[in-house]
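Fold and geometry: a report
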Amino acid sequence: MLEGFSSERIERDGVTINVRRAGQGAPLLLLHGHPQTHAMWHRVAPRLAEQFELVLMDLRGYGDSGRPPAGDQSARYAKREMALDAIEAMRRFGHERFQVLAHDRGARVAHRLALDHPDAVERLLLLDIAPTLAMYRNTSEAFARAYWHWFFLIQPPPLPEALIASDPRRFVRSVMGGRHAGLAAFAPEALAEYERCAAIAGNAEAICADYRAGAGIDLAHDQADQDAGRRLTQPLRVLWGEHGAVGRCFDVPALWRAAATDFSGRSLPCGHYIAEEAPALLLDETLAFFRSNP
């Protein structure tokens, strides 16, 4: 997978961030979801690298990036911190302004990135999320059943960590295989990579910290923005799977119109893992939305 992409490491605030790069053209940052790594883009990245300078980043706590101690309120896994990782990575490669394609947890980082650093983010395409604050505030029984891991991972330590660490492979397969397309949607090489990284020491602690931040300090940041009337000002496009829980449980367009001044989006005939379930459709959308010339 991703043959021809360079592998690089950057450091920010004592945390190593793993990056893969390839291509030329306008800079485009790709951010993955849970419990995945940058490898989730393997079906679309080679084609995108023909028109963009791609930067694929493993979020802190995932892939081959560092897994720092969570800190008070899991603040080292706040989306604001992850957004700063992305800013540092892009600046390291000479990009003060760039576009962003992001999925799941990475899309939540991208949302924060665009709010905190509006001059850095030119356009963003988010996959299968609604705003985090709205999702927690409007949780239904159907959503809680479908996204059980949101509520399991935020339980006090050490129980979630111990259960995950007892069999990381089973955790990955349970989360990913329990959705619309099952495990058949994933290339064996990609699934093996997700399982490898899930078994890295400290991984269970890191992903729990990510979700605890998402249900705590991130909500405080989101509420502060909402109270101040801050909205995304960049062109925003959102795609969601018609068979996924986000589209079934929330009015995705209405929630994003409330959070952004320039929204467009639609559902695609797939489940949650759009880049792996519907790569051709995602490529069409991506190439139509982003500007390929720097």
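Residues numbered from 1 in each chain as written. Predicted model: local features only at pLDDT ≥ 70, side-chain atom pairs only at ≥ 80, totals over all residues. Heavy atoms only, no water.

**Considerations on the sheet that holds strand β2 (residues 15–23)**
Two strands in a sheet stick together by hydrogen bonds in their backbones, pointing the same way (parallel) or opposite ways (antiparallel). The sheet built from 8 strands is open, its strands ordered β1-β2-β4-β3-β5-β6-β7-β8 with mixed pairing. In the strand order of this sheet, the two ends are held by β1 (6–12) and β8 (263–268), each with one partner. Each adjacent strand pair in this sheet contributes to an overall mean axis angle of 20 degrees, direction not counted. As paired strands, strand β7 (residues 236–241) and β8 are joined by 6 bridges and run parallel to one another. When the bridges of β8 are listed, W240 appears paired with S267. Packed onto the sheet, helix α15 (residues 279–289) meets β4 (52–57), β5 (98–103), β6 (121–127), β7 and β8 and runs at close to 160 degrees relative to β6. (Pairing = 2+ DSSP bridges. Helix = DSSP H or I, 4+ residues; strand = E, 2+ residues; numbered from the N terminus. Axes fitted to C-alpha atoms, helices over the stretch in contact; angles between N-to-C directions. Contact = heavy atoms within 4.5 Å.)

**What to know about the packing of aromatic side chains**
For the coordinates displayed, the defined rule picks out 11 aromatic pairs. Taken together, a centroid distance of 6.4 Å and an interplanar angle of 80 degrees make the contact between F52 and F290 edge-to-face. Highlighted residues: F52 in strand β4 and F290 in the segment after α15, separated in sequence by 238 residues. Judged by its relative accessible area of 0%, F52 falls in the buried class. Overall, the relative accessible area of 5% leaves F290 in the buried class. Taken together, a centroid distance of 6.1 Å and an interplanar angle of 90 degrees make the contact between Y136 and F151 edge-to-face. One end of the pair, Y136, is in helix α4 (residues 132–137); the other, F151, is in helix α6 (residues 148–152), with 15 residues separating them in the sequence. Here Y136 falls in the buried class, since its relative accessible area comes to 18%. On the basis of relative accessibility, which here comes to 24%, the residue F151 falls in the partly exposed class. (Phe/Tyr/Trp six-rings, centres within 6.5 Å; stacked < 30°, edge-to-face > 60°. Buried < 20%, exposed > 50% of the residue type's maximum accessible area, 1.4 Å probe, protein only.)

**Thoughts on the packing of helix α2 (residues 79–92) against helix α3 (residues 104–116)**
For any two helices packed against each other, the geometry comes down to the angle between their axes and how far apart the axes lie. Contact pair α2 / α3: the axes reach a minimum separation of 8 Å and the direction vectors enclose 80 degrees. The orientation of α2 with respect to α3, classified from their angle, is roughly perpendicular. Residues K79, R80, M82, A83, A86 and I87 of α2 lie in contact with α3, whose contacting residues are R105, R108, V109, R112, L113 and D116. (Parallel < 35°, antiparallel > 145°, perpendicular 65-115°, else oblique.)

**Looking at the nonpolar core**
Grouped together as the largest cluster of nonpolar side chains are 104 residues, with contacts concentrated most on W41 and W256. Ranked by residue count, the leading element in this core is helix α10 (residues 203–214), at 7 residues. If sequence neighbours within four positions are ignored, W256 has contacts with H111, L126, I129, A130, P131, L232, L236, V238 and F263. (Core = buried A, V, L, I, M, F, W, Y, C linked by side-chain atoms within 4.5 Å.)

**Re the layout of surface pockets**
Approximately 290 Å³ is the volume found for the largest pocket. In this structure, the largest pocket is lined by 16 residues; those nearest its centre are P131, L133, D222, Q226 and A259. Residue assignment for the lining of the largest pocket shows that the elements contributing at least two residues are α3, α4, α11 (217–228) and α13 (252–259). Here the element with the most residues in the lining of the largest pocket is α4; it accounts for 4 residues. The class makeup of the residues in the lining of the largest pocket is 7 nonpolar, 4 polar and 5 charged. Each pocket or cavity is described by its volume, and for the second largest pocket that value is around 170 Å³. Lining the second largest pocket are 15 residues, and of these A146, Y147, G178, R179 and H180 lie nearest its centre. Those elements that provide at least two residues to the lining of the second largest pocket are α6, α8 (168–177) and α12 (245–249). A per-class count over the lining of the second largest pocket returns 5 nonpolar, 8 polar and 2 charged. (1 Å grid on protein atoms, 1.4 Å probe; cavity = no way out; pocket = protein on both sides within 12 Å on 5 of 7 lines; lining within 4 Å. Points joined across faces, edges and corners; volume = space filled by probe spheres on them. Nonpolar A, V, L, I, M, F, W, Y, C, P; charged D, E, K, R; others polar.)

**As for the pairing of β6**
Within a regular strand, the side chains alternate between the two sheet faces. Of all 7 residues that make up β6, 7 are buried, and the element is covered over most of its length. Across 5 bridges, β5 lies against β6 in parallel orientation. Counted as the bridge partner of H103 is L127 from β6. Tracing the backbone out of β5, into α3 and back to the parallel element β6 gives a crossover that is right-handed. (Right-handed = clockwise from strand over helix to strand, strands pointing away.)

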